[in-house]
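The chain contents come next:
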Amino acid sequence: MSKTKFIFVTGGVTSSLGKGIIAASLAKLLQSQNFRVTIQKLDPYLNVDPGTLNPYEHGECYVTDDGAETDLDLGHYERFLNVRTSQANNVTTGRIYQSVIDKERKGEFLGKTVQVVPHITNEIKNRILLLDKNKEYDIIITEIGGTVGDIESLPYIEAVRQLIYELGESNAMTIHLTLIPYLSAAAELKTKPTQHSVKTLMESGIKADVLVCRTEHELSEELRKKMALFCNVKYEAVIQSIDVNTIYDVPLKMLEEGLDKVVIDRLDLNPKQKIDLTQWNEFLTKYKNPKSKIKIGLVGKYVELQDSYKSILEAFIHSGAVNEVDIEVVSLHSEHISKKNYKTLLDGLHGLLVAPGFGERGIEGKIRAVEYVRKNKIPFFGICLGMQMAVIEYSRNILGLVGANSTEITDDTKYPVIDLMESQKKIKIKGGTMRLGSWECSLTENSLVHNIYGKTIINERHRHRYEFNNKFSKNIFSPAFRASGVNPETGLIEIIELKDHPWFIGVQFHPEYKSTVSEPHPLFVSFVKAAHYYSKLK
Ligand code: GLN
């Protein structure tokens, strides 16, 4: 059996260069030649996982089927490759230290001094090799978060150095993603920061095999030659990564530059088929040639930061392409939606999505927005907190349950229609204790969601502590406002839908996590279709 090959992706010069997108694009190109590929992200911060991080700090927290709260790059991997990731695909320094310290307490290193090298580095290496345990993959791409030279990423770089030595150079390689800044005063692209960052890598005993150069301008042949010479890489291994309009163009750009070929040659791999990107290209053609344009409002409290709702925005791209519409996502800060301005803000939208979230800030703005779209028969999609807001709005404004609320917001209500889940009541620790991951949901025959999914049992991913309070089912649900998706074991309400409305669905789960280029999520596709239809009536 052929050996698994390992590719390590490091970053130089600055953060936010898009290592995740490059890793996912390379993986896409290799997958399209029939290699079995997976990607892993190693994050150098001390949080055990990003679940406890505010979206302003770290963007969206992405949830996998097995309930891991992970870095948003895992979302890119799934969207590009359409393969599921898991806990093993995202490891942080916090988790590494936690397991080393747990082992120390158990006495596993009895008598020994526990140190960064070798104990932490060994744990890092184990986590990388864990993905190879079942020999499921031909290629494992490991992305090291942060920038080379950072104090906190040193143990990772050392672990990679050791692994390359242990696996053998023919089985492991490195790709260094770097920035080639353009100095407009000199009208010149500058390679010096890259030279320094390659040197820093070299000081740690790692030679960059490939340089992927982020740039705003084309790299000349002369510049490529210079970098190859000074950075000790082959000429064809200097890969240009020029700014593009959409991340979905990056695999094609990498193909043009021959990134896959350089990797295949370097690792002596035999492609199992000629590259086939037919489906990817079909998606891009539709995405770039929309037949009409619609406006969808996204109500949330972290809207200033694009990355906070990454998976939702990407799911709109996938579903927009299916419907051949260009979706302008209008960000609406929930705290800024007031009694005075809500009509002006919401007028002209063809659909409204109320986003997931936590805490009381902006709640009333969300409820007001739901009321407006319910009354005006504008397609509405509520996700997690968004679904809970729809229940509150209906309870207050249609059923007259004055002051109905969620106990996440206040305990001082006669009608706690959304309440802490029973299983959450004893939980004191915040990290990793929500209801997480994939759970089964059974759909009511002939409901709107049943029609959309085309089946009665679905599995969707979750991340919440509160739920619809079943004590109120009799008061709230009726043929006009029904619970059309329920967890078959616990009876937990997963979906609500309003009848006398073109499209009004709230889901307790997060469909956005499962939308990929090759399988756009059916709820998003249907919602966008409804919004498109609504736009034509206007
Ligand atoms: N804050 C709500 C809960 O915990 C909703 C969570 C979410 O939107 N992900 O139930």
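The shown structure was predicted, so the numbers you read here are calculated from the model rather than taken from an experiment.

### Overview of the environment of D307
Tracing the chain through its elements places D307 in the loop between β12 (292-300) and α12 (310-323). Under the relative-accessibility criterion, D307 is labelled partly exposed at 31%. Each residue touching D307, except ones within four places of it in the same chain, is listed here: G59, E60 and L72.

### Overview of the packing of aromatic side chains
Two descriptors summarise a pair of aromatic rings, namely the distance from one centre to the other and the angle between the planes of the rings. This model, assessed by the stated rule, comprises 21 aromatic pairs. For the ring pair F380 and F504, a centre distance of 4.5 Å and an interplane angle of 35° mean the geometry is tilted. Remark: F504 occurs in strand β23 (residues 504-507) and F380 occurs in strand β15 (residues 380-383); sequence separation between them is 124 residues. Measuring from ring centre to ring centre gives 6.1 Å for F477 and F481, while their planes differ by 15°; the resulting arrangement is stacked. Summarising the burial analysis for this pair, F477 and F481 share the class buried.

### Some words on the site of the ligand
The environment of the ligand is formed by P356, G357, F358, C384, L385, Q388, E408, R463, H464, R465, Y466 and H510. One of the backbone nitrogen or oxygen atoms of L385 is found 3.0 Å away from an oxygen atom of the ligand. Contact between the ligand and E408: a nitrogen atom at 2.7 Å from a side-chain N or O atom of the residue. Against a free-state accessible area of 290 Å², the protein chains account for coverage of 99% of the ligand. Residue assignment for the shell around the ligand shows that the elements contributing at least two residues are α15 (385-397) and β19 (457-464). Of the residues contributing to the shell around the ligand, the split by class is 5 nonpolar, 4 polar and 3 charged.

### As for the sheet that holds β23
Pairing in this open sheet of 9 strands is mixed, and the strands run β13-β12-β14-β15-β23-β22-β21-β18-β19 from one edge to the other. Of all strands in the sheet, those bounded by a partner on one side alone are β13 (325-333) and β19. Within the sheet, the average angular offset between the axes of one strand and its neighbour, ignoring direction, is 25°. Looking at chain direction, β15 and β23 are connected through 4 bridges and run parallel. Among the inter-strand pairings, I383 is bridged to a residue of β23, identified as V507. Sheet strands in contact with α12 are β12, β13, β14 (351-354) and β15, and its direction is about 150° off that of β13.

### Details of the sheet that holds strand β16 (residues 405-406)
Adjacent strands of a sheet form backbone hydrogen bonds with each other and so pair up, either parallel or antiparallel. Read from one edge of the open sheet, 3 strands run β16-β17-β20, paired in mixed fashion. Only two strands of the sheet have a single partner each, and these edge strands are β16 and β20 (466-468). Strand direction decides the pairing type here: strand β17 (residues 416-420) and β20, joined by 3 bridges, are antiparallel. What sits directly across from I418, in β20, is F468. Sitting on the sheet, α15 touches β16, β17 and β20, and the angle it makes with β17 is about 150°.

### Here's the deal with the nonpolar core
In summary, soluble globular proteins display a tendency toward joint burial of nonpolar side chains. Within the largest apolar cluster, 83 residues are counted, with the highest numbers of intra-cluster contacts made by I7, I141, I175 and L259. Core analysis: the next-biggest nonpolar cluster, separate from the first, contains 41 residues, L346, M387, A390 and A483 among them.

### Structural notes on the pairing of strand β22 (residues 493-498)
Most of β22 sits out of view: 6 of its 6 residues are buried. As defined by bridge partners, strand β21 (residues 481-486) adjoins β22 across 5 bridges and the pair is classed as antiparallel. Residue pairing across strands places A483 opposite I496, the latter belonging to β22. In this structure, the hairpin formed by β21 and β22 is closed by a connection of 6 residues, where G491 is found at a positive phi of approximately 80°.

Calculation criteria
Residues numbered from 1 in each chain as written. Predicted model: local features only at pLDDT ≥ 70, side-chain atom pairs only at ≥ 80, totals over all residues. Heavy atoms only, no water. Helix = DSSP H or I, 4+ residues; strand = E, 2+ residues; numbered from the N terminus. Buried < 20%, exposed > 50% of the residue type's maximum accessible area, 1.4 Å probe, protein only. Contact = heavy atoms within 4.5 Å. Phe/Tyr/Trp six-rings, centres within 6.5 Å; stacked < 30°, edge-to-face > 60°. Near = heavy atom within 4 Å. Polar contact = N/O pair within 3.5 Å; in protein donor to acceptor, adjacent residues only side chain to side chain. Areas by Shrake-Rupley, 256 points an atom, 1.4 Å probe, with all protein chains shown as cover. Nonpolar A, V, L, I, M, F, W, Y, C, P; charged D, E, K, R; others polar. Pairing = 2+ DSSP bridges. Axes fitted to C-alpha atoms, helices over the stretch in contact; angles between N-to-C directions. Core = buried A, V, L, I, M, F, W, Y, C linked by side-chain atoms within 4.5 Å.

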